[in-house]
Amino acid sequence: MWRADVITLYPEMFPGSSGHSLAGKAKDKLWSLNTVQLRNFGSGKHRAVDDTPAGGGPGMVIRADVAAAALDSIPNDNRPRLIMTPRAKPLQQSQIRTWSAGEGLVIFCPRFEGIDERIIAARGLIPVSIGDYVLSGGETAALVVLEACLRLIPGVMGKEASGTDESFENGLLEYAQFTRPADFEGQPIPDVLQSGNHAEIARWRQADALETTKRLRPDLLEKA
Ligand code: 6GU
């Protein structure tokens with residue numbers, strides 16, 4: 001069973017979106033989730049998990065020793081251990097495929113101004129960002145990683161959706177979709193999609209995917 005351990009000050013944010021829809025139905029059958037309350041590893045009477053930044057400046061920083069204690073409480077198997085932070089390369093679908101095909105993930109969710117940098121080398125953590133903007137904490141980003149991985153676990157999605165005919169899987173954005181009514185407020189469904197000619201439909205979809213990618217994400221084409 002694919003297993004996620006999430007270290008957080010807000011365990012009530014989990015399973016969140018992963019507890020709904022198809023991933024939710026598969027929970028505890030095809031995958032499992034364990035949350036670890038970082039506060040339980042805090043120091044002193046107040047179980048402090050953070051301290052002031054070395055060198056000064058605003059906010060607070062999570063202590064490396066507290067984070068290490070929380071990480072060391074989780075079975076040390078071969079799962080990748082991620083740390084959610086905007087100080088990382090943005091996540092790619094190819095990486096999600098790899099993680100989804102493995103045994104699971106351990107995900108550390110920082111809060112405050114971040115976490116003592118030394119924890120990354122000390123515990124072999126992989127820094128992961130979900131894009132170029134700033135969130136208040138790692139939890140929503142961890143939910144994004146989970147949702148992207150879970151839908152690729154065999155059996156989580158119905159067989160009508162294989163997860164392979166999708167945006168990014170072939171280096172392009174996905175083609176546009178339509179359904180009834182045939183005319184929506186004066187906008188018709190493209191004729192070819194109603195022709196029943198599967199070769200022509202496949203050609204139209206390939207062209208649409210290419211045109212949309214060129215228009216919105218030319219960077220993807222340069223990479224391909
Ligand atoms: Cl992983 N964490 C935070 N706090 N902000 C982010 C992010 C992660 N990815 C993009 N912005």
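Residues numbered from 1 in each chain as written. Predicted model: local features only at pLDDT ≥ 70, side-chain atom pairs only at ≥ 80, totals over all residues. Heavy atoms only, no water.

**Overview of helix 3 (residues 93-100)**
- Buried residues of helix 3: Gln93, Ile96, Trp99 and Ser100, and no others. Viewed along the axis of helix 3, the buried residues span an arc of 120°, placing them on a single side of the element. Residues of helix 3 that are exposed and point over 90 degrees away from its buried face: Ser94 and Thr98.
- Of the surrounding elements, those touching the buried residues of helix 3 are strand 1 (2-8), strand 5 (81-84), strand 6 (104-108), strand 7 (126-128) and helix 5 (139-150). (Buried < 20%, exposed > 50% of the residue type's maximum accessible area, 1.4 Å probe, protein only. Helix = DSSP H or I, 4+ residues; strand = E, 2+ residues; numbered from the N terminus. Arc of directions from axis to C-beta. Contact = heavy atoms within 4.5 Å.)

**Some remarks on the side chain of Asp5**
- With respect to the helices and strands, Asp5 occurs in strand 1.
- Note on Asp5: relative accessible area 0%, which makes it buried.
- Polar side-chain contacts of Asp5 include one of 2.7 Å to the side chain of Asn34.
- Ignoring anything within four residues of it in the chain, the contact list for Asp5 reads Asn34, Ile74, Arg79, Leu105, Val106 and Ile107. (Polar contact = N/O pair within 3.5 Å; in protein donor to acceptor, adjacent residues only side chain to side chain.)

**What to know about empty space enclosed by the protein**
- Counted by the stated rule, this structure contains 1 cavity of 30 Å³ or more.
- In this structure, the largest cavity spans a volume of roughly 40 Å³.
- Of the residues contributing to the lining of the largest cavity, the split by class is 4 nonpolar, 1 polar and 2 charged. (1 Å grid on protein atoms, 1.4 Å probe; cavity = no way out; pocket = protein on both sides within 12 Å on 5 of 7 lines; lining within 4 Å. Points joined across faces, edges and corners; volume = space filled by probe spheres on them. Nonpolar A, V, L, I, M, F, W, Y, C, P; charged D, E, K, R; others polar.)

**Some points on the pairing of strand 5**
- Here strand 5 shows no split at all, with Arg81 and Ile83 on one side and Leu82 and Met84 on the other all buried.
- The pairing of strand 5 with strand 6 spans 3 bridges and is classified as parallel. When the sheet's bridge partners are listed, Leu82 is paired in strand 6 with Ile107.
- Note on the crossover from strand 5 through helix 3 to strand 6: the handedness is right-handed.
- Of the strand pairs in this sheet, strand 5 and strand 7 are connected by 3 bridges, and their pairing is parallel. Along strand 7, the bridge assignment pairs Ile83 with Pro127. (Pairing = 2+ DSSP bridges. Right-handed = clockwise from strand over helix to strand, strands pointing away.)

**Describing the site of the ligand**
- Near the ligand, the surroundings consist of Met84, Thr85, Pro86, Val128, Ser129, Ile130, Gly131, Tyr133, Leu135, Gly137 and Ala141.
- A distance of 3.4 Å separates a nitrogen atom of the ligand from a polar atom in the side chain of Ser129.
- At a separation of 3.0 Å, a nitrogen atom of the ligand approaches a polar backbone atom of Leu135.
- In isolation the ligand has 290 Å² of accessible area, and contact with the protein removes 96% of it.
- In this structure, the ligand is accommodated by the largest pocket.
- Split by residue class, the shell around the ligand holds 7 nonpolar, 4 polar and no charged. (Near = heavy atom within 4 Å. Areas by Shrake-Rupley, 256 points an atom, 1.4 Å probe, with all protein chains shown as cover. Sits in = over half its atoms within 2 Å of the grid points.)

**Notes on the side chain of Asp208**
- Relative to the assigned elements, Asp208 resides in helix 6 (residues 198-216).
- Look at Asp208: it is buried, it has no salt bridge, and the nearest opposite charge is Arg215 at 6.4 Å.
- When residues no more than four places from it in sequence are discounted, the contact partners of Asp208 are Tyr175 and Ala176. (Lys, Arg positive; Asp, Glu negative; His and termini not counted. Salt bridge = Lys/Arg side-chain N within 4 Å of Asp/Glu carboxyl O.)

**Remarks on the sheet that holds strand 6**
- Strand order in the open sheet formed by 5 strands is 2-1-6-5-7, with parallel pairing between adjacent strands. Only two strands of the sheet have a single neighbouring strand rather than two, namely strand 2 (31-37) and strand 7. On average, each strand axis in the sheet is tilted by 25° relative to the strand beside it, whichever way the strands run. (Axes fitted to C-alpha atoms, helices over the stretch in contact; angles between N-to-C directions.)

**Things to note about the layout of surface pockets**
- The space that makes up the largest pocket amounts to roughly 530 Å³.
- Around the largest pocket, the lining is made up of 26 residues, and of these Met84, Thr85, Pro86, Glu113 and Gly114 lie nearest the centre.
- Grouping the constituent residues of the lining of the largest pocket by class yields 14 nonpolar, 7 polar and 5 charged.
- In terms of lining residues, the second largest pocket is bounded by Leu91, Gln92, Gln93, Ser94, Phe168, Gly171, Arg217, Asp219, Leu220, Lys223 and Ala224.
- Where the lining of the second largest pocket is concerned, the elements lending two or more residues are helix 3 and helix 7 (218-223).
- The element that contributes the greatest number of residues to the lining of the second largest pocket is helix 7, accounting for 3 residues.
- Each residue belonging to the lining of the second largest pocket can be placed in one class, and the counts come to 4 nonpolar, 4 polar and 3 charged.

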